[in-house]
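Residue strings, one per chain:
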Amino acid sequence: MIRSFLVFSCLCAAPAAAQDVQILPGHSDFRLPAQLVHDQPMSLVQDWIIGFPDGEGRPELQLLSEVDDTGRLVIVLTESGLADDSVSAVRQRFELIRTDTGAWALTAYGFQQQCARGGSEDWLATPCP
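## Notes on the overall build of the protein
Now for step 1: Across its full length, the protein holds 2 helices and 6 strands.
Now for step 2: Its helices and strands in sequence order give the protein the pattern α-β-β-α-β-β-β-β, from N to C terminus.
Now for step 3: Looking at the protein residue by residue over its 129 residues, the buried ones come to 36%.
Now for step 4: A sequence separation of at least 24 residues applies to 45% of the contacts in the protein between residues at least 6 apart.

## Looking at a nonpolar patch on the surface
Now for step 1: Taken together, the side chains of Met42, Ile49 and Leu63 define a hydrophobic patch exposed on the protein surface, amounting to about 220 Å² of accessible area.
Now for step 2: Inspection of the secondary structure assignment puts leucine 63 in strand S3 (residues 57–67).

## As for the confidence of the model for the protein
Now for step 1: Model confidence for the protein is summarised by a mean pLDDT of 83, while 85% of its residues fall at 70 or above.
Now for step 2: At the low end of the mean pLDDT range in the protein sits helix H1 (residues 2–12), at 41; at the high end sits strand S6 (residues 104–115), at 95.
Now for step 3: Predicted confidence for residues 1–18 stays below pLDDT 50, and this span has 30 contacts to residues more than four positions away or in other chains.

## Overview of the nonpolar core
Now for step 1: With 20 residues, the main nonpolar core has Leu44, Val45, Ile75, Phe94, Leu96, Leu106 and Tyr109 as its most contacted residues.
Now for step 2: Listed by contribution, the elements that provide at least two residues to this core are strand S4 (73–82), strand S5 (87–98) and S6.
Now for step 3: Considering each element in turn, this core owes the most residues, 5 residues, to S6.
Now for step 4: Those residues within four positions of isoleucine 75 in sequence are excluded, and the remaining contacts are Pro41, Met42, Val45, Leu63, Leu64, Ser65, Gln92, Arg93, Phe94 and Leu96.

## So, the pattern of salt bridges
Now for step 1: Using the criterion set out here, one finds 4 salt bridges in the structure.
Now for step 2: Its salt-bridge partner being aspartate 68, residue arginine 72 comes within 2.6 Å of it at the nearest N-O pair.
Now for step 3: Classification of aspartate 68 by relative accessible area gives buried; the value is 18%.
Now for step 4: For glutamate 95, the salt bridge identified is with arginine 93, shortest N-O distance 2.9 Å.
Now for step 5: For glutamate 95, a relative accessible area of 7% translates into the label buried.
Now for step 6: Among the charged side chains, a network of salt bridges with common partners joins Asp68, Arg72, Arg93 and Glu95.

## Here's the deal with the pairing of S5
Now for step 1: One ladder, built from 8 bridges, connects S4 with S5; its direction is antiparallel. The residue bridging glutamate 79 from the neighbouring strand is valine 90, located in S5.
Now for step 2: Here S4 folds back onto S5 in antiparallel fashion, the turn holding 4 residues.
Now for step 3: As judged from the 11 bridges shared by S5 and S6, these two strands associate in the antiparallel manner. Looking at S6, one finds that isoleucine 97 is bridged to alanine 105.
Now for step 4: Linking S5 back to S6 in an antiparallel pair, the connection comprises 5 residues, with glycine 102 at a positive phi of about 95 degrees.

## Re the side chain of glutamine 92
Now for step 1: The residue glutamine 92 is located in strand S5 in this model.
Now for step 2: Glutamine 92 gets classed as buried once you look at its relative accessible area, which sits at 6%.
Now for step 3: In contact with glutamine 92, other than residues within four places in its own chain, are Phe30, Trp48, Ile75, Val76, Leu77, Gly110 and Phe111.

Conventions and cut-offs
Residues numbered from 1 in each chain as written. Predicted model: local features only at pLDDT ≥ 70, side-chain atom pairs only at ≥ 80, totals over all residues. Heavy atoms only, no water. Helix = DSSP H or I, 4+ residues; strand = E, 2+ residues; numbered from the N terminus. Buried < 20%, exposed > 50% of the residue type's maximum accessible area, 1.4 Å probe, protein only. Contact = heavy atoms within 4.5 Å. Patch = residues over 30% accessible without salt bridge, like charges linked within 9 Å, V, L, I, M, F, W, Y side chains within 5 Å. Areas by Shrake-Rupley, 256 points an atom, 1.4 Å probe, with all protein chains shown as cover. Salt bridge = Lys/Arg side-chain N within 4 Å of Asp/Glu carboxyl O. pLDDT = per-residue confidence, 0-100. Core = buried A, V, L, I, M, F, W, Y, C linked by side-chain atoms within 4.5 Å. Pairing = 2+ DSSP bridges.

Structure below.
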């Protein structure tokens, strides 16, 4: 239940100062992280990982990270098995580039969800009905 509230809050929150950080196509904006440059980029998802599992259901957490061919770090955190009758899974994506100082700067982010109703497994940027 708490996680569902967080998901809803993330969908409704508008980033305050995302001038240099873009919302990924096909994603919605959730709360822009307060810190945009990280020595340890996994700190972006540490609260979700440390707080897992939260609540009922059959929770599953998947974390994927890779440095792509362009040198960009991509972090994707997916939580499924939610105890929610409308949302079956949520996914966050962060894209970062290494700065001249060796830290990682957030350049893009986004949030998607899969709806439990309707039989579709598509990832959506809009709230589930």
